[in-house]
Structure formats: structure tokens, C-alpha cells
Amino acid sequence: MFYYVLKHIVLGPVLRLLFRPRIEGLENIPEDGAAIVAGNHLSFSDHFLMPAILKRRITFLAKAEYFTGPGIKGRLTAAFFRSAGQIPVDRSGKDAGRAAIREGLGVLGKGELLGIYPEGTRSHDGRLYKGKVGVAVMAITAGVPVVPCAMVGTFEIQPPGQVVPKIKRVAIRFGEPLDFSRYAGMESQKAAIRAVTDEIMYAILELSGQEYVDEYAAEVKAAEQDAVPPRKFPKLRR
């Protein structure tokens, strides 16, 4: 109930008014039945802008940190994501991927839309990074289509570290559904799930026009942070 109040009365109309999103390919979202919407992830604003323009409800697998933040801000964020029907997923540890797949398949099993960011994290520099294979495992296992989606302009309105987004028009593009039924029963084969994931990422790339990096975003970001020398401060005179 709160999801629809938030989408149609409270937050949705405000977002559409402020950011005036240009929407392309909305007809590619199935009117009913289970499907995966797989998109690039450029900004915290992505969590709100895409659901605001969809006719159907969509559930995202959200990182667990959104539900465990400290203080008033943390509690409000957690309450918001829970009320919006988002599912927390712990991305740490060796079982994190299996947990995300299990939760995602649960959503698809109910005939609903599942939103996924195959990169696994927000892009820190606006480029599109290599996709993780969980999206392929879910698509093959559940036998559902994957609709590629590109958020365009959200990195510019709210790059990482910026709390309040700039008021600027963005675009949201949906591609034709991808059918992976030819891979039925191959969800445990590494070559198959890598091929499916790469096909999804290429479809997103065509829609977004981003520069592509054939490495995982989290690994590139960590390497760049490690390469930055520690800041030296002048010694204080006594």
C-alpha cells in the first residue's frame, strides 16, 4: 500500500516534475508476468527515478547497508526502503551471491518485476563496467526475459558523494526484451552464464552510449583508491 502512495501521490509526481525524464521504449516492459529489468547504475537517484516512471511495481535487491545505517538518517533510509518493498542483500562473504539469487528468484516466482544492477555497485566515474553473472543465473533458472535499461544523465545530477541532486533533465531507455530460453538448464555452466551476462551488458551499452570497461567496478575502484598516496600533513611546531 505504501509503495503505491509513495509512487503515485508523494514521490513519483515530484520526481517527474523536477527531472522531466525522457522515456524511451516503455512498451518493452511486459504488462504482466515475471521479468528482469537490468540497468546501468550511475547514481543513488536511479533507485527512485526508474520506479517512478514504470506502470508496474518493481522490486530491487538493495545493498544491506541501506537498512543498517546509524542514527536518524539511517533509520529513515531503512524505513523507506522497507516500505518500498526493496529487499536487503548482504554483499559481503562468499555466500552473498547465492543469497541475492535466492531472493531474486523468490520475486520472479511470484510473477513480479525484478530490478537488477549487474555491475553490482554504482559506477564511480560514469563508465559501464563488467557485469556479474547473478543476473544470468536468475534469468536462465526462472526462464524469464531480461529488459535492458539505461539511465542517462543521472551521474551528472548526482555523482557519488553528492547528497542533493541537481535539478536537470534525464533520460531512461528500455531496450527490447532479451530471450535466453536457448540456455535452459545451463545456469550452472560458467561459459553459458558469462555469455548471457555479456549479452545483457552489451544491450545496456548500446542504450547508454557509455565507455565500457571489461573489469569489475568494485575492483577498479579499490585499485584506484590503493594507488592514491596518503596525504601528508605538515608537522606542527612546538
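Residues numbered from 1 in each chain as written. Predicted model: local features only at pLDDT ≥ 70, side-chain atom pairs only at ≥ 80, totals over all residues. Heavy atoms only, no water.

Novice: Sorry if this is basic, but what is going on with the pairing of strand β8 (residues 171-174) here?
Specialist: Regular strands have side chains that alternate between both faces of the sheet. Bridge count for strand β1 (residues 22-24) against β8 is 3 bridges, and the pairing is parallel. Within the sheet, the bridge partner assigned to Glu-24 lies in β8 and is Arg-173. In terms of strand pairing, strand β7 (residues 146-152) meets β8 through 4 bridges, oriented antiparallel. Opposite Ala-150, over in β8, you have Arg-173 as the bridge partner. (Pairing = 2+ DSSP bridges. Helix = DSSP H or I, 4+ residues; strand = E, 2+ residues; numbered from the N terminus.)

Novice: I would appreciate a short explanation of the side chain of Arg-194 in the present structure.
Specialist: Relative to the assigned elements, Arg-194 resides in helix α7 (residues 190-208). Dropping the residues within four chain positions of it, Arg-194 is found in contact with Lys-130, Gly-131, Val-133 and Tyr-216. (Contact = heavy atoms within 4.5 Å.)

Novice: Quick question: what am I supposed to make of the pattern of salt bridges here?
Specialist: Opposite charge on two side chains permits them to pair, given that their charged atoms come into close proximity. According to the stated counting rule, one finds 5 salt bridges in the structure shown. Close ionic contact of Arg-173 with Glu-24 constitutes a salt bridge, the shortest N to O distance being 3.6 Å. A residue pair is termed long-range when its members are at least 10 positions apart, and Arg-173 in strand β8 and Glu-24 in strand β1 qualify at 149 residues. Given the relative accessible area of 24%, Arg-173 is considered partly exposed. Residue Glu-24 is classed as partly exposed on the basis of its relative accessible area, which comes to 38%. Between Arg-127 and Glu-211 there is a salt bridge, with the nearest N and O atoms lying 3.5 Å from each other. Of this pair, Arg-127 sits in the loop between β5 (113-116) and β6 (128-129) while Glu-211 sits in the loop between α7 and β9 (212-213); the two residues are 84 residues apart in sequence, bridging distant segments of the chain. Connected through shared salt-bridge partners, Asp-125, Arg-127 and Glu-211 make up one network. (Salt bridge = Lys/Arg side-chain N within 4 Å of Asp/Glu carboxyl O. Buried < 20%, exposed > 50% of the residue type's maximum accessible area, 1.4 Å probe, protein only.)

Novice: Quick question: what am I supposed to make of the packing of aromatic side chains here?
Specialist: Each aromatic ring pair is described using two quantities: the centre-to-centre distance and the angle formed by the ring planes. Applying the stated rule across the entire model yields 3 aromatic pairs. Between Phe-60 and Tyr-117, the ring centres sit 5.3 Å apart and the planes meet at 20°, which makes this aromatic pair stacked. Of the two residues, Phe-60 is situated in strand β3 (residues 58-63) and Tyr-117 in the loop between β5 and β6; the sequence distance between them amounts to 57 residues. Given a relative accessible area of 12%, Tyr-117 falls into the buried group. For the pair Phe-180 and Tyr-183, a centre-to-centre distance of 6.4 Å together with 50° between the ring planes defines the contact as tilted. Here the two residues Phe-180 and Tyr-183 agree in accessibility, since each one is buried. (Phe/Tyr/Trp six-rings, centres within 6.5 Å; stacked < 30°, edge-to-face > 60°.)

Novice: Honestly, a nonpolar patch on the surface in this entry has me stumped. Any pointers?
Specialist: A contiguous nonpolar patch, built from Val-14, Leu-18 and Ile-167 and spanning about 250 Å² of accessible area, is present on the exposed surface. Along the polypeptide, Ile-167 turns up in the loop between α6 (154-157) and β8. Owing to a relative accessible area of 54%, Ile-167 belongs among the exposed residues under this scheme. (Patch = residues over 30% accessible without salt bridge, like charges linked within 9 Å, V, L, I, M, F, W, Y side chains within 5 Å. Areas by Shrake-Rupley, 256 points an atom, 1.4 Å probe, with all protein chains shown as cover.)

Novice: Could you clarify how one ought to interpret the nonpolar core in this entry?
Specialist: What tends to happen in soluble globular proteins is that the nonpolar side chains get buried as a cluster. Core analysis: the biggest nonpolar cluster contains 32 residues, and Ile-36, Leu-114, Met-138, Phe-180 and Ile-200 have the highest contact counts within it. Counting residues per element, the ones that place at least two in this core are β2 (35-39), β4 (87-89), α4 (96-109), β5, α5 (134-142) and α7. The contacts of Leu-114, once residues within four sequence positions are left out, are Ala-35, Ile-36, Val-37, Ile-58, Thr-59, Leu-61, Gly-104, Val-107, Leu-108 and Met-138. Listed in part, the 22 residues of the second largest apolar core include Leu-113, Val-147, Cys-149 and Ile-172. (Core = buried A, V, L, I, M, F, W, Y, C linked by side-chain atoms within 4.5 Å.)

Novice: What's the story with the packing of α5 against α7 in this structure? I'm lost.
Specialist: Packed helices, taken two at a time, are described by their axes: the angle between them and the distance between them. One can describe the packing of α5 onto α7 by two numbers: an axis separation of 8 Å at closest approach and a directional angle of 105°. With respect to their mutual orientation, α5 and α7 come out roughly perpendicular. On the side of α5, the interface is formed by Val-135, Ala-136, Val-137 and Ile-140, while α7 contributes Ile-193, Val-196, Thr-197 and Ile-200. Of the residues in the contact of α5 with α7, the class split is 7 nonpolar, 1 polar and no charged. (Axes fitted to C-alpha atoms, helices over the stretch in contact; angles between N-to-C directions. Parallel < 35°, antiparallel > 145°, perpendicular 65-115°, else oblique. Nonpolar A, V, L, I, M, F, W, Y, C, P; charged D, E, K, R; others polar.)

Novice: When you look at the sheet that holds β5 in this model, what are you seeing that I'm missing?
Specialist: Two pairing modes exist for strands in a sheet, parallel and antiparallel, and in both the strands are linked by backbone hydrogen bonds. Taken in spatial order, the 7 strands of this open sheet run β1-β8-β7-β2-β5-β3-β4, and their pairing is mixed. Whereas interior strands pair on both sides, the edge strands pair on one side only; in this sheet they are β1 and β4. Each strand of the sheet is rotated relative to its neighbour by a mean of 25°, with strand direction disregarded. On the sheet, α7 packs against β2, β7 and β8 and is oriented at approximately 35° with respect to β7.

Novice: Looking at this model, I keep getting lost on α7. Mind explaining?
Specialist: Each turn of an α-helix holds 3.6 residues, which means side chains three or four residues apart point in the same direction. In this model α7 runs 27 Å from its N-terminal to its C-terminal C-alpha over 19 residues, within 8% of the 27 Å that 1.5 Å per residue would give. All of the buried residues along α7 are Ala-192, Ile-193, Arg-194, Val-196, Thr-197, Ile-200, Met-201, Ala-203, Ile-204, Leu-205, Leu-207 and Ser-208. In this structure, the buried side of α7 is in contact with β2, β6, α5, β7, β8 and β9. Downstream of α7 by one or two residues, Gly-209 has phi in the positive range, about 70°. (Expected span 1.5 Å × (residues − 1).)

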